[in-house]
Amino acid sequence: MSTFIECENLVKIYKIADLEVVALQGLDLIVKESEMMALVGPSGSGKSSLMNILGGLDTPTAGRVRVGHYNLLELSRRDQTVYRRTEVGFVWQQTARNLLPYLTALENVELPMALNGVRRRERREYAMELLEGVGLADRVDHRPDRLSGGEQQRVAIAVGMANRPRLLLADEPTGEVDSEAAETIFKVLHDLRDSYGVTVIIVTHDVMVAREVDRVVGMRDGRTSTEILRRRDGERIISDEEFAILDRAGRLQLPEAYIEELGMEDRVLVRLRPDHIGVYPEKEDEEEDEASDEKVEA
Ligand code: ADP
Ligand code: MG
């Protein structure tokens, strides 16, 4: 599958008065077409900042970011609007933010199509198809307040898909629903990916999500730090392997737990072995002769 999203050394700095907050500090990420990826990481690690940039809702400060043939760093106002309306669908955590309260589920899904000038009949047909796809064929005439939180999020997913985007972004879509509803939401996203080939990125705290996605990318301090790849044999999951991400400058983020376990600090010894690289805590007596020429800043 071809590369669909490419972020390179992506930087986002928010300026509030005299204060600068670095939300993304040199993030690298590649996402393949039709991939379903989960983004995890502690609060404040930059997940939403990345999602807002990929959604065309915010512009990066520096670096490179490409989605399809759109270069998001140099998008004119007009292209940004086109991008948002045609290339990407967005689902927010807050159910109230996704849907208009006075429209039915069907009307909510039809609305983005109406704004894009899609004819009434085609609108209705496709909205019905999507609502069926998210398992809500029997709820199309309900307004949001007559739907459960999980159902509202599934309508929101259908709204996000209405303009046939190539990319669907969901920022903690299960944050306000119970675990059973969350499972249904993940499954629906998975099914949509399979039926329409849409690329899906989900921000989540939910470990259960791992069952539905191809890859889990961990973020820390404004960068991607780990990846869990799923190896499958048909439907069967063979193994989950966790990888650290090596950036172009050769930097690597070691898992915090490993660093603590070995009491590593400031400097470590790095040794090339026949088939691997060893990283060792710096020992007092070896400081001079061993650590002087090879060291990394972790
Ligand atoms: P996450 O979604 O992983 O919790 P965010 O991307 O929301 O992380 O935030 C990353 C950092 O950027 C945090 O320090 C946060 O306080 C800051 N931040 C996010 N949005 C804004 C904003 N609009 N203005 C100023 N700072 C922001
Ligand atoms: Mg967030």
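Conventions used here
Residues numbered from 1 in each chain as written. Chains lettered and ligands numbered in written order. Predicted model: local features only at pLDDT ≥ 70, side-chain atom pairs only at ≥ 80, totals over all residues. Heavy atoms only, no water. Helix = DSSP H or I, 4+ residues; strand = E, 2+ residues; numbered from the N terminus. Buried < 20%, exposed > 50% of the residue type's maximum accessible area, 1.4 Å probe, protein only. Contact = heavy atoms within 4.5 Å. Areas by Shrake-Rupley, 256 points an atom, 1.4 Å probe, with all protein chains shown as cover. Lys, Arg positive; Asp, Glu negative; His and termini not counted. Charge placed at Lys NZ, Arg CZ, Asp CG, Glu CD. Near = heavy atom within 4 Å. Polar contact = N/O pair within 3.5 Å; in protein donor to acceptor, adjacent residues only side chain to side chain. Core = buried A, V, L, I, M, F, W, Y, C linked by side-chain atoms within 4.5 Å. Axes fitted to C-alpha atoms, helices over the stretch in contact; angles between N-to-C directions. Parallel < 35°, antiparallel > 145°, perpendicular 65-115°, else oblique. Left-handed = near helix turned anticlockwise from the far one by under 90°. Nonpolar A, V, L, I, M, F, W, Y, C, P; charged D, E, K, R; others polar. 1 Å grid on protein atoms, 1.4 Å probe; cavity = no way out; pocket = protein on both sides within 12 Å on 5 of 7 lines; lining within 4 Å. Points joined across faces, edges and corners; volume = space filled by probe spheres on them. Pairing = 2+ DSSP bridges. pLDDT = per-residue confidence, 0-100.

**Q** Just checking my understanding: could you explain the overall build of the protein for this structure?
**A** Summing up its helical and strand segments, the protein has eight helices and 14 strands in all. Put simply, the protein has 298 residues, and 45% of those count as buried. A separation of at least 24 residues holds for 62% of the contacts in the protein among residues at least 6 apart in sequence. Carbon together with sulfur atoms contributes 47% to the accessible area of the protein, which is approximately 16500 Å² in total. In the protein, the 39 positive side-chain charges and the 57 negative ones have mean positions that sit 9 Å from each other.

**Q** Honestly, the site of ligand 1 in this entry has me stumped. Any pointers?
**A** Residues in close proximity to ligand 1 include Tyr14, Ile16, Val21, Ala23, Pro42, Ser43, Gly44, Ser45, Gly46, Lys47, Ser48 and Ser49, which together make up its full environment. A distance of 3.2 Å separates an oxygen atom of ligand 1 from a polar atom in the backbone of Ser45. Within the side chain of Ser49, one N or O atom sits 2.6 Å away from an oxygen atom of ligand 1. Burial of ligand 1 by the surrounding chains reaches 63%, relative to a free accessible area of 560 Å².

**Q** Can you walk me through the nonpolar core in this structure?
**A** Soluble globular proteins: nonpolar side chains tend toward being buried together. The biggest cluster of nonpolar side chains holds 40 residues, and the ones touching the most others in it are Val109, Leu131, Val155, Ile157 and Ile202. Elements supplying a minimum of two residues to this core: strand E3 (36-40), helix H4 (105-115), helix H5 (120-133), helix H6 (149-161), strand E7 (167-171), helix H7 (179-196) and strand E8 (199-203). The leading source of residues in this core is H7, at seven residues. Core analysis: the next-biggest nonpolar cluster, separate from the first, contains 29 residues, Leu24, Leu50, Ile53 and Ile201 among them.

**Q** Just to check I follow, could you spell out the packing of H4 against H5 for this structure?
**A** Geometrically, a packed helix pair is captured by the angle between its two axes and the distance between the axes. Interaxial distance between H4 and H5 falls to 9 Å at its minimum, and their mutual angle equals 125°. As far as their axial angle goes, H5 and H4 are oblique. Helix-helix and strand crossings are classified by hand; for H4 and H5 the assignment is right-handed. Contacts from Ala105, Leu106, Val109, Glu110, Met113 and Ala114 in H4 reach Arg123, Arg124, Tyr126, Ala127, Met128, Leu130 and Leu131 in H5. Residues that form the contact of H4 with H5 fall into these classes: ten nonpolar, no polar and three charged.

**Q** Help me understand the side chain of Arg123 in this model?
**A** In this structure, Arg123 sits in helix H5. Sequence-distant contacts of Arg123, defined by excluding residues within four places in its chain, comprise Glu110, Met113, Ala114 and Val118.

**Q** Looking at this structure, how should I read the layout of surface pockets?
**A** Taken as a whole, the largest pocket spans an internal volume of roughly 630 Å³. When contributions to the lining of the largest pocket are tallied by element, the ones reaching two or more residues are helix H2 (77-86), strand E6 (88-91), helix H3 (95-98), H4 and H6. Tallying contributions element by element places H4 first for the lining of the largest pocket, with four residues. Looking at side-chain class alone, the lining of the largest pocket contains 13 nonpolar, eight polar and three charged residues. A volume near 420 Å³ is recorded for the second largest pocket. If you go around the second largest pocket, you meet 19 residues; those closest to its centre are Leu29, Ile30, Lys32, Arg215 and Glu227. Of all elements in the fold, only strand E1 (3-16), strand E2 (19-32) and strand E10 (223-233) reach the threshold of two or more residues within the lining of the second largest pocket. At four residues, E2 tops the list of elements feeding residues into the lining of the second largest pocket. Classifying every residue of the lining of the second largest pocket gives six nonpolar, two polar and eleven charged.

**Q** What is the right way to look at the sheet that holds E2 in this model?
**A** Pairing between sheet strands relies on hydrogen bonds along the backbone, with the strands arranged either parallel or antiparallel. On the basis of which strands lie adjacent, the open sheet formed by four strands has the order E2-E1-E4-E5 and antiparallel pairing. Since the sheet does not close on itself, it has two edges, and those belong to E2 and strand E5 (70-71), each with one partner. Pairing analysis gives five bridges linking E1 to strand E4 (residues 62-67), with the strands arranged antiparallel. Bridge pairing in E4 places Ile5 opposite Val67. Sheet strands in contact with helix H1 (residues 47-54) are E1, E2 and E4, and its direction is about 115° off that of E1.

**Q** What should I look at first to understand the confidence of the model for the protein in this one?
**A** Regions with low pLDDT should not have their predicted coordinates read in detail. Model confidence for the protein is summarised by a mean pLDDT of 89, while 90% of its residues fall at 70 or above. Segment residues 287-293 is flagged for pLDDT under 50; beyond a separation of four residues in sequence, or across chains, it makes eight contacts in the model.

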